[in-house]
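Chain and residue survey
Chain residues, written in single-letter form:
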Amino acid sequence: MLTKPEAGWSNFSLDGTSVYPLSYLDDIPFEWLDEAIHGLETLNPFCVKGFMEPGRFICVVSFWNCHIICEDEDKDPLIPQNTTHEISHISMLQFCQQLYDDISENLDGWARWYEYVWDDDESEFDFETNKEELIKKLVRLKELIAENKEHFGEDRG
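This text gives an overview of the structure that appears in the document. Everything quoted here is computed from the prediction, not taken from an experiment. (Residues numbered from 1 in each chain as written. Predicted model: local features only at pLDDT ≥ 70, side-chain atom pairs only at ≥ 80, totals over all residues. Heavy atoms only, no water.)

Examining the overall build of the chain
When you go through the chain residue by residue, the secondary structure sums to five helices and six strands. N-terminal to C-terminal, the α/β element order of the chain is β-β-α-β-β-β-β-α-α-α-α. By the compact-globule yardstick of 15 Å for 157 residues, the chain fits well, its C-alpha radius of gyration being 16 Å. Per-residue burial for the chain yields a buried fraction of 39% across its 157 residues. At a minimum sequence separation of 6, the contacts of the chain that also span at least 24 residues come to 57%. Only carbon and sulfur atoms are counted for the fraction: they give 47% of the accessible area of the chain, which is about 8,800 Å². The centroid of the 12 positive side-chain charges in the chain is displaced by 5 Å from the centroid of its 34 negative side-chain charges. (Helix = DSSP H or I, 4+ residues; strand = E, 2+ residues; numbered from the N terminus. Rg over C-alpha atoms; globule rule 2.2 N^0.38 Å. Buried < 20%, exposed > 50% of the residue type's maximum accessible area, 1.4 Å probe, protein only. Contact = heavy atoms within 4.5 Å. Areas by Shrake-Rupley, 256 points an atom, 1.4 Å probe, with all protein chains shown as cover. Lys, Arg positive; Asp, Glu negative; His and termini not counted. Charge placed at Lys NZ, Arg CZ, Asp CG, Glu CD.)

Okay, here's the thing in C-alpha cells:
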C-alpha cells in the first residue's frame, strides 16, 4: 500500500488502483495511524489524506471498500477532468493491516518521515521519541485489528 519512504515521498496504491505519490507535507504515519485507530475503535469509516504536489489525495476507508479521490488544490469549482475517483475492494480491516505492515516494515524511515519539516524549524527533530510514539500507535492498531476480526468475517455484511 505505502512504499518505503524516500526523501520525503512514498507511493500509495491499493489493489486495482493507480499509484499516487505522497509528500512529507502531511504527517502520514502519525495522522494515518490515528485515523485507523479511531476507525477501528468506533467501527466507523474514516479518511486519510495526502498532498501530491500538485493535487490533493483523499482515501475514504469504508467497511468493505476504499474510495480514492484526487483533486486540484485550487479553490475553484471542480470539473470532472481534474478529479480522479477510484474504488478498491479492500475492507477497513485489510486497509488497517496493510498500514500496520507497511509502517512496521520501515519503522525507522517512517519515524523520520516528518523530519523534512523540522529542517526549517528552530526546534530539534527527536527521532527516538518519534519512533517510540509510532511503536505505541502500532501496538494499539495491532490490538484493534485482532479485536475486530470477527466484524469483518465471511458471514458479515
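Some details on the packing of helix α1 (residues 28-42) against helix α2 (residues 92-105)
Running from N to C, α1 and α2 point in directions that differ by 145°, and their axes come no closer than 11 Å. Handedness of the crossing formed by α1 with α2: left-handed. Contacts from Pro29, Trp32, Leu33, Ala36, Gly39 and Leu40 in α1 reach Met92, Leu93, Phe95, Cys96, Leu99 and Ile103 in α2. Residue classes in the contact of α1 with α2 are distributed as 11 nonpolar, one polar and no charged. (Axes fitted to C-alpha atoms, helices over the stretch in contact; angles between N-to-C directions. Left-handed = near helix turned anticlockwise from the far one by under 90°. Nonpolar A, V, L, I, M, F, W, Y, C, P; charged D, E, K, R; others polar.)

Considering the sheet that holds strand β5 (residues 66-71)
Note on sheets: strands pair through backbone hydrogen bonds, and any given pair is parallel or antiparallel. Pairing within the open sheet is antiparallel, and its four strands lie in the order β3-β4-β5-β6. Strands at the two margins of the open sheet, each flanked by one partner only, are β3 (46-51) and β6 (84-88). Across this sheet, the average inter-strand angle for adjacent strands is 15°, counted without regard to direction. Those strands touched by α1 are β3 and β4 (56-61), and its axis lies near 170° from that of β3. Relative to β3, α2 is tilted by about 45°, and along the sheet it contacts β3, β4 and β5. (Pairing = 2+ DSSP bridges.)

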